[in-house]
Amino acid sequence: MVDVPARRPGRAPELRALVLATHAGPTVAVTTAATLLAVAAGMSAGRAVLLCAAVLAGQASIGWSNDWLDADRDRAVARTDKPVVQGAVAPSLLRSAALVAVVLATVLSLLLGLVPGALLLVLVASGWAYNAGLKRTAASVVPYVTGFGALPAGVVAAAPGTPTAPWWLVAAGGALGAAAHLANVAPDLEDDLATGVRGLPHRLGAQISAGTGALLLGGASLVLVLGPDGPPTATGWSCLVLTAPAVVVAALAGTARFRRLAFPAVMLLTVLDVALLVAGGAALA
């Protein structure tokens, strides 16, 4: 890949571009959720900080590798929201940053222990595999299911006593990951198809993808409320009461008419599921 000649940006704009190229929103969301789960599971402050740094480095490496590997494709469809297309950062710098970050993520993850470290690195490896080519196949959802299923398992394994994550926590993580994939690809379906990317959401289409994503979010809520031993809590039942109508509205995200209304419903479902996920971690402490 050859960088497009351009005037080199100043240090501050370049640093800002690097932050944006991590896909800052999802990176912060995943790192925050993992850290909250770690604290809820009874992890000490120092160990929680180490886990936070490991997850952050891994997510940054995935974001940077994505923008590095997709630089030519993003330029072809004029993705002006991408720093590399704006000329704010060179693909070569993104490549270097991604490689440094993945090494850092590996070291930090393994400092938590072999088992939790390996599980956390499944998410990193899944993200890189997606960026490297799986995104163009019908198996594009597999890295999301695998990676986000492994994330809570890794966090729980790093907690005191190295417990094993219950099936419902792993299943909910995988469902959230699959839903995130379907929702994340939706705005870029046309650009992706124009450059030969035909992952699972592209093959399903916008409406089926939206409906499937909504059902996955609702299913994650059910699993997180009904999966743990004992009767569901009042909070759990309250979440399910909110979940049912939100799933119906979120399923309309694939239609142009109801897209704006559906987006808040998707966000509500996501927040509820993350809160239930963290509560599930607290129940294991």
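Our subject in this report is the structure included herewith. Keep in mind the model is a prediction, meaning the values are calculated, not measured.

Analysis parameters
- Residues numbered from 1 in each chain as written.
- Predicted model: local features only at pLDDT ≥ 70, side-chain atom pairs only at ≥ 80, totals over all residues.
- Heavy atoms only, no water.
- Helix = DSSP H or I, 4+ residues; strand = E, 2+ residues; numbered from the N terminus.
- Rg over C-alpha atoms; globule rule 2.2 N^0.38 Å.
- Areas by Shrake-Rupley, 256 points an atom, 1.4 Å probe, with all protein chains shown as cover.
- Lys, Arg positive; Asp, Glu negative; His and termini not counted.
- Charge placed at Lys NZ, Arg CZ, Asp CG, Glu CD.
- Buried < 20%, exposed > 50% of the residue type's maximum accessible area, 1.4 Å probe, protein only.
- Polar contact = N/O pair within 3.5 Å; in protein donor to acceptor, adjacent residues only side chain to side chain.
- Contact = heavy atoms within 4.5 Å.
- Axes fitted to C-alpha atoms, helices over the stretch in contact; angles between N-to-C directions.
- Left-handed = near helix turned anticlockwise from the far one by under 90°.
- Nonpolar A, V, L, I, M, F, W, Y, C, P; charged D, E, K, R; others polar.
- 1 Å grid on protein atoms, 1.4 Å probe; cavity = no way out; pocket = protein on both sides within 12 Å on 5 of 7 lines; lining within 4 Å.
- Points joined across faces, edges and corners; volume = space filled by probe spheres on them.

## Considerations on the overall build of the protein chain
Within the protein chain one finds 14 helices and zero strands. Listing the helices and strands of the protein chain from first to last along the sequence gives α-α-α-α-α-α-α-α-α-α-α-α-α-α. A compact globule built from 285 residues would reach a C-alpha radius of gyration of about 19 Å, and the protein chain, at 19 Å, matches this within 12%. Overall, the protein chain is about 60 × 50 × 30 Å in size when its C-alpha atoms are taken along their principal axes. Within the structure as shown, the protein chain displays about 13,300 Å² of accessible surface, and the carbon and sulfur contribution to it stands at 70%. Within the protein chain, the 13 negative side-chain charges are centred at a point lying 3 Å from the centre of the 17 positive side-chain charges.

## Notes on unusual backbone geometry
With a phi angle near 60°, H23 is a residue other than glycine that sits in the positive phi range. If you trace the backbone, H23 turns up in the loop between α1 (11-21) and α2 (24-40). Of the residues examined, H23 reaches a relative accessible area of 26% and is grouped as partly exposed. The backbone of A78 shows a phi angle near 55°, a positive value even though the residue is not glycine. In this structure A78 comes out as partly exposed when scored by relative accessible area, which is 48%.

## A short note on the side chain of D70
Mapped onto the secondary structure, D70 falls in the loop between α3 (45-69) and α4 (71-76). Polar contacts involving the side chain of D70 include one to the side chain of R73, which spans 3.0 Å. D70 has contacts with K135 and R136, leaving out every residue within four places of it along the chain.

## Let's talk about the packing of α2 against helix α8 (residues 142-157)
Contact pair α2 / α8: the axes reach a minimum separation of 9 Å and the direction vectors enclose 35°. In this structure, α2 meets α8 at a crossing whose hand is right-handed. On the side of α2, the interface is formed by V30, A34, L37 and A38, while α8 contributes F148, L151, P152 and V155. Split by residue class, the contact of α2 with α8 holds eight nonpolar, no polar and no charged.

## A word on empty space enclosed by the protein
Following the criterion strictly, the structure yields one cavity of 30 Å³ or more and no others. Lining the largest cavity are A54, V55, G58, Q59, S109, L120, L123, V124 and L151. Looking at the lining of the largest cavity, the elements that each hand over two or more residues are α3 and α7 (114-132). Per-element tally for the lining of the largest cavity: the top contributor is α3, with four residues. Classifying every residue of the lining of the largest cavity gives six nonpolar, three polar and no charged.

Taken by themselves, the reported measurements are silent on function.
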